[in-house]
Structures are given as structure tokens and as C-alpha cells.
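# An overview of the molecular structure
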Amino acid sequence: GDADLPVGDILSSTFTAEPDGTMTAQVVVDEWTDPTSDDWLFGETGARWQLDANGDGTAEGRAQLSVEGGALRGGVVGPGGRVRCIGDVTSSAAARSYTVSFEAVCIGNPERVQFLTQFAYDDVVFDLESSDSTPGWSPVIVNPAFVTPPTTPTTPPTTPPTTPTPPPVVPAGSSIVSLSPAR
């Protein structure tokens, strides 16, 4: 692999968008480590998927997976590190994978999304670090749960012009009477 250590080496990464609105990010590494190990608990070991939801080549958020409070957790974080949503996480020694799933609304239910995967491994016993990332943005993934927002008319609706009612004509020599509303 291209990472310093097999435990930090990404073999593959996938991202799926389902019709029910679920998005799932998965990374497969060369050598799996248990997320309850010291390297996850006390180090900076974890996975991140940068998410570009508008095609501008800049991440509008990220899905991430790390250990917090002794448990493997995942979700979506927005700009400034603000947590947008908590996701469902799994890890598999047999598949050497780590996975986080979340609702598409966590990133604004975009029409399409691209991702960039990063994985970091921090060996706290021997003070070794290894990281890897995918070589650029993924191809576009179409979100089948995307709903086209209603369009807003660009011009205000037109109403037919009204002709003002001319004031009543008072014949010459007549007196003007003041009118009050009927009660």
C-alpha cells in the first residue's frame, strides 16, 4: 500500500445513496484494528469522508467515524465542526471495514454528492502514525431520494389593470351632501 503502516492503508472506499434517503460511507483498510483498542480510544485513529454536495470541489460537510466516550460513533459534521446528525456505525474484522450511515437530509438532501476519503491511524504505544486518502473526489453519486424543490415564479403574477371609477358628477347648482357609512 501507499501508507506507512498497513493499519492506515485504504484499500477501497465506497459511498451509496439509497431511495429511502440513507447514505452510507465505507472504508476498507489493509489491516483492521479493533475500535475499542487504545489506538482508537486515546489516539487520533478514525475515518472521514469529505462531502461535496454542490460540485464546487469544496466540502460542505463530512461524515466521520471515531471513538468518543469509549464507543465507536459516527455522523455528519458541518463547517466549523458543528454536529449535524448522528449516524449508525459498524466495523467488521472479517471485511476489514468501517462504515457510517446517515440520512441525506444531514447534508441538505442534495441532488448529487462526491466524496473524498481519509483514514488516520495513531499507534499510541509506539508513537507511530499512518494515514491515507483517496486520490481526489469520487465520480458523482446521484441521490435517488432528491426531491426537486418547488419553483418560485421569477416574475410576480400580473393582475389586469383596473380602470379607476370617476368621481360622481354633481350637476351645476346642486348642493353637495356628505355621506356616512350605513349603520
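That block above? That's the structure.
Right, let's walk through the structure included here. Think of each chain on its own: its residues are numbered from 1, step by step along the sequence as written. Two thresholds apply to this predicted model, a pLDDT of at least 70 for residue-level local features and 80 or more for giving and counting side-chain atom pairs, whereas whole-chain, interface and lining totals are computed over all residues. No hydrogens and no water enter the side-chain calculation; it runs on all heavy atoms of the structure.

## A closer look at the pairing of strand β6 (residues 83-86)
On a regular strand, one side chain projects to one face of the sheet and the next to the other, so that they alternate. Note on pairing: two strands pair once DSSP finds at least 2 bridges between them. Helix and strand definitions here come from DSSP, where helices need a minimum of 4 consecutive H or I residues and strands a minimum of 2 consecutive E residues; each element is numbered from the N-terminal end. Sheet topology note: the strand β5 (residues 71-77)/β6 ladder contains three bridges and is antiparallel. Bridging across to β6, G75 finds its partner in I86. Here β5 hands over to β6 after five residues, with G80 in that stretch at a positive phi of 80 degrees.

## Comments concerning unusual backbone geometry
In this structure, R96 is a non-glycine residue whose phi angle is positive, near 55 degrees. As for its placement among the helices and strands, R96 is situated in the loop between β7 (88-92) and β8 (97-103). Assessed through its relative accessible area of 32%, R96 is described here as partly exposed. The residue N109 is not glycine, and still its phi comes out positive at about 45 degrees. Tracing the backbone shows N109 in the loop between β8 and β9 (112-123). Think of it in three bands: residues with accessible area under 20% of the maximum for their type are buried, residues over 50% are exposed, and the middle band is partly exposed, with areas taken using a 1.4 Å probe on protein chains only. Accessibility expressed as a relative area gives 18% for N109, which makes it buried.

That's the geometry; what it means functionally is another story.
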